[in-house]
Amino acid sequence: MRRYGFVRPPTEGVSDKTRARRALTPAQADKVLRAWDGDTAPERRNRALISLLALTGIRRAEAASLRWQDIDFENGIIHIAHGKGDKQGDVPVASDYALEALHAWRALLPSGRDYVFCPVERGGHLGKDKPITGTDIYRIVKATEALTGIEFKPHDLRRTLITEALATGTPIQTVQAIAGHSRGETTLQYAQAVDARKARKELKLRYG
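What counts, and where the lines are drawn
- Residues numbered from 1 in each chain as written.
- Predicted model: local features only at pLDDT ≥ 70, side-chain atom pairs only at ≥ 80, totals over all residues.
- Heavy atoms only, no water.
- Phe/Tyr/Trp six-rings, centres within 6.5 Å; stacked < 30°, edge-to-face > 60°.
- Buried < 20%, exposed > 50% of the residue type's maximum accessible area, 1.4 Å probe, protein only.
- Helix = DSSP H or I, 4+ residues; strand = E, 2+ residues; numbered from the N terminus.
- Contact = heavy atoms within 4.5 Å.
- Core = buried A, V, L, I, M, F, W, Y, C linked by side-chain atoms within 4.5 Å.
- Salt bridge = Lys/Arg side-chain N within 4 Å of Asp/Glu carboxyl O.
- Axes fitted to C-alpha atoms, helices over the stretch in contact; angles between N-to-C directions.
- Parallel < 35°, antiparallel > 145°, perpendicular 65-115°, else oblique.
- Nonpolar A, V, L, I, M, F, W, Y, C, P; charged D, E, K, R; others polar.
- Pairing = 2+ DSSP bridges.

A. A look at the packing of aromatic side chains. In total, this model carries one aromatic pair according to the counting rule given. Between Trp68 and Phe73 the ring centres are 6.4 Å apart and the planes differ by 20°, which places this aromatic pair in the stacked class. The class for Trp68 is buried, based on a relative accessible area of 5%. Residue classification places Phe73 among the buried residues on the basis of a relative accessible area of 18%.

The structure is reproduced here in structure tokens:
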């Protein structure tokens, strides 16, 4: 069966590990994005985190270590200082929804904070100005699962953005630049570098 221009592979003989890799549908992605709709500190932080993962495709470790100085709100771009393989790069934010969520979260923080996602203690009290861990992000995703009834892993949000971008006709070289892939299929190997500002204009999603 075809869906969004892709062929769904048969499940017979496919390992559980392979089946676990999935991309959310646009409807599921929208539900996940809006799971944390309150104004408490945990809700604002979690909404900002989930929307950033879903609308930039950055990895869990990249989100955990993100600093406010790495966010260009005016142009809608995230700078990744230490990506996979310790590579640097700029990533476009696909929707203003994530930027608005980040603004709402930042409004609760004392001025001068360095790290974007800090711990939130019991009772909703802000923790120290230090980054949350990859385990913390995994727990937030599990809590989002409980709210929405949609099973997914942090990396599935990255897979969702890449799949959706390709399905809606975003140029392959733009998707490669967004994903930060240095190697891939033959067509990707010939892709030219794309400026993050241009990538944001070309990126098309059906959610967010």
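Moving on from the coordinates now.
B. Summary view of the environment of Leu99. Within the secondary structure, Leu99 is located in helix H5 (residues 96-106). Take Leu99: its relative accessible area is 7%, and that puts it in the buried class. Linking Leu99 and Ser51, residues 48 residues apart in sequence, is a C-alpha distance of 8.6 Å. In this structure, Leu99 is in contact with Phe73, Gly76, Val93 and Arg200, ignoring residues within four places of it in sequence.

C. Region of interest: the nonpolar core. Core analysis: the largest hydrophobic core is formed by 52 residues, its most contacted members being Leu102, Trp105 and Phe117. Looking at which element gives the most residues to this core, the answer is helix H3 (residues 41-56), with eight residues. Once residues lying within four places of it in the same chain are set aside, the contact partners of Leu102 are Ala48, Leu52, Trp68, Ile71, Phe73, Val116 and Phe117.

D. View of the pattern of salt bridges. Under the defined criterion, the tally for this structure stands at nine salt bridges. Lys142 is the partner of Glu145 in a salt bridge, and the nearest nitrogen-oxygen pair spans 3.1 Å. In this pair, Glu145 and Lys142 are both assigned in helix H6 (residues 134-148), three residues apart and thus about one turn of the helix distant. Taking relative accessible area as the criterion, Lys142 reaches 37% and is therefore assigned partly exposed. Here Glu164 and Arg206 are joined by a salt bridge, their closest N and O atoms 2.6 Å apart.

E. Examining the packing of H3 against helix H7 (residues 154-167) more closely. Interaxial distance between H3 and H7 falls to 6 Å at its minimum, and their mutual angle equals 40°. By the angle class used here, H3 and H7 are oblique. Facing Ile50, Leu53, Ala54, Leu55 and Thr56 of H3, the residues of H7 in contact are Leu157, Arg158 and Leu161. Residues that form the contact of H3 with H7 fall into these classes: six nonpolar, one polar and one charged.

F. Inspection of the sheet that holds strand S5 (residues 89-92) at higher detail. The three strands are arranged S3-S4-S5 in an open sheet whose pairing can be described as antiparallel. What marks the edges here is a single partner per strand, and that holds for strand S3 (71-72) and S5. The pairing of strand S4 (residues 77-80) with S5 spans four bridges and is classified as antiparallel. Each residue of the ladder has a partner; that of His79, found in S5, is Asp90.

G. Molecular detail of helix H8 (residues 172-179). Among the residues of H8, Thr174, Val175, Gln176, Ile178 and Ala179 are the ones counted as buried. Downstream of H8 by a residue or two, Gly180 has a phi angle that is positive, lying close to 70°.

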